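Understanding the architecture of this molecule
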Amino acid sequence: MSTLTIKNLHVQVETNDGPKPILKGVDLSIDSREIHAIMGPNGSGKSTLAYSIAGHPEYEVTDGEVLLDGANLLEMSVDERARAGLFLAMQYPVEVPGVTVANFLRTAKTALDGQAPKVRQWVGEVDAAMERLRMDSSFSERDVNTGFSGGEKKRFEILQMELLKPRFAVLDETDSGLDVDALRVVSEGVNRLHGSSDAGFLLITHYTRILRYIKPSHVHVFVDGRVAEQGGPDLADRLEEEGYDRFLS
Ligand code: ADP
Ligand code: MG
Ligand code: MG
């Protein structure tokens, strides 16, 4: 079993008006096979938490720790974190003109494993995963995220996750902007990895809608840079009825 532990995490960004604190003491611990939902209003720092775990250089950690089985993630480079088993599905996936989906996936797999995958087996895995996510096979020759619709970008994030099989997956608003069909396909991808591996999940979302398809074991309400309340799945039901107003006064 693995554990991802976030302790008293404080993070700031540099702005024109000087440093701006965003995360103000986040505590969170996720075990293998658990699905934690972080729910919170816009601007509460959810993406900042995701970026800080993944190692985005703009986000400066001023206090606290992020540990994966006791190893300090904050001392690792972005690719060391990936090799340690961390995966981030970004809220706004980046376009990479000139790099095809097929190339990107093979390069990522090679970097993770330290050796290139066997071509025929890998192509088979990619094709099967794309079919499950209902992505047309022509997709693999398109440039990464370039001209993709919102739904295609999110499916591609889930495709990467399913193929790279992380120990911990952080999914930042992978549900936002999806129609019901795409939401179902994306949720099935998460549930498949959950059912077939020991991965732990941090599912960041603004809306309760995705929690009809993915059942979290733990729910955290995130407000103004910290966890304001924690609970089980029933907390998500209450948020669906009451919204975030209660936490914002
Ligand atoms: P959420 O994902 O919950 O909507 P974010 O983490 O994106 O929240 O942002 C939290 C707050 O930090 C917001 O007020 C946002 O404007 C600010 N912020 C985030 N990143 C930066 C940045 N790079 N520069 C300046 N402000 C930022
Ligand atoms: Mg936001
Ligand atoms: Mg965000």
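Residues numbered from 1 in each chain as written. Chains lettered and ligands numbered in written order. Predicted model: local features only at pLDDT ≥ 70, side-chain atom pairs only at ≥ 80, totals over all residues.

Named according to an unreviewed UniProt entry, the protein is Fe-S cluster assembly ATPase SufC originating from Actinomyces lilanjuaniae.

**Let's talk about the packing of helix 3 (residues 101-113) against helix 5 (residues 150-164)**
Close contact between helix 3 and helix 5 brings their axes to 11 Å; oriented N to C, the two are set at 35°. Both helix 3 and helix 5 take part in a crossing whose hand is right-handed. Along its contact with helix 3, which presents Val101, Leu105, Ala108, Lys109 and Leu112, the element helix 5 presents Phe156, Gln160, Leu163 and Leu164. Of the residues that constitute the contact of helix 3 with helix 5, the class distribution is 7 nonpolar, 1 polar and 1 charged. (Axes fitted to C-alpha atoms, helices over the stretch in contact; angles between N-to-C directions. Helix = DSSP H or I, 4+ residues; strand = E, 2+ residues; numbered from the N terminus. Left-handed = near helix turned anticlockwise from the far one by under 90°. Contact = placed C-beta atoms within 7 Å. Nonpolar A, V, L, I, M, F, W, Y, C, P; charged D, E, K, R; others polar.)

**So, the sheet that holds strand 11 (residues 218-223)**
The 6 strands lie next to each other as 6-9-10-3-11-12, forming an open sheet whose pairing is mixed. The open sheet has two edge strands, strand 6 (86-89) and strand 12 (226-231), and neither has a second partner. On average, each strand axis in the sheet is tilted by 20° relative to the strand beside it, whichever way the strands run. Contacting strand 3 (35-39), strand 6, strand 9 (168-172), strand 10 (200-205) and strand 11, helix 1 (residues 46-54) runs over the sheet at an angle of about 145° to strand 9. (Pairing = 2+ DSSP bridges.)

**Overview of helix 1**
In terms of burial, helix 1 is largely enclosed, as 7 of its 9 residues are buried. Here helix 1 has its buried residues at Lys46, Thr48, Leu49, Ala50, Tyr51, Ser52 and Ile53. Downstream of helix 1 by a residue or two, Gly55 has a phi angle that is positive, lying close to 100°. (Buried ≥ 20, exposed ≤ 12 C-beta atoms within 10 Å, placed from the backbone.)

**Description of the site of ligand 1**
Lining the immediate environment of ligand 1, one finds 13 residues, of which Val13, Gly43, Lys46, Ser47 and Thr48 sit closest. Put simply, the parts of the chain that give the shell around ligand 1 at least two residues each are strand 1 (3-15), strand 2 (18-31) and helix 1. When residues of the shell around ligand 1 are assigned to their parent elements, the largest contribution, 3 residues, is made by helix 1. Considering only residue class, the shell around ligand 1 consists of 2 nonpolar, 8 polar and 3 charged. (Near = placed C-beta within 6 Å.)

**Some thoughts on the environment of Ala129**
Examined against the element boundaries, Ala129 turns out to sit in helix 4 (residues 119-132). Taking the number of C-beta atoms within 10 Å as the measure of exposure, Ala129 has 19 and is therefore partly exposed. Beyond its immediate chain neighbours, meaning those up to four positions away, Ala129 contacts Leu159, Glu162 and Leu163.

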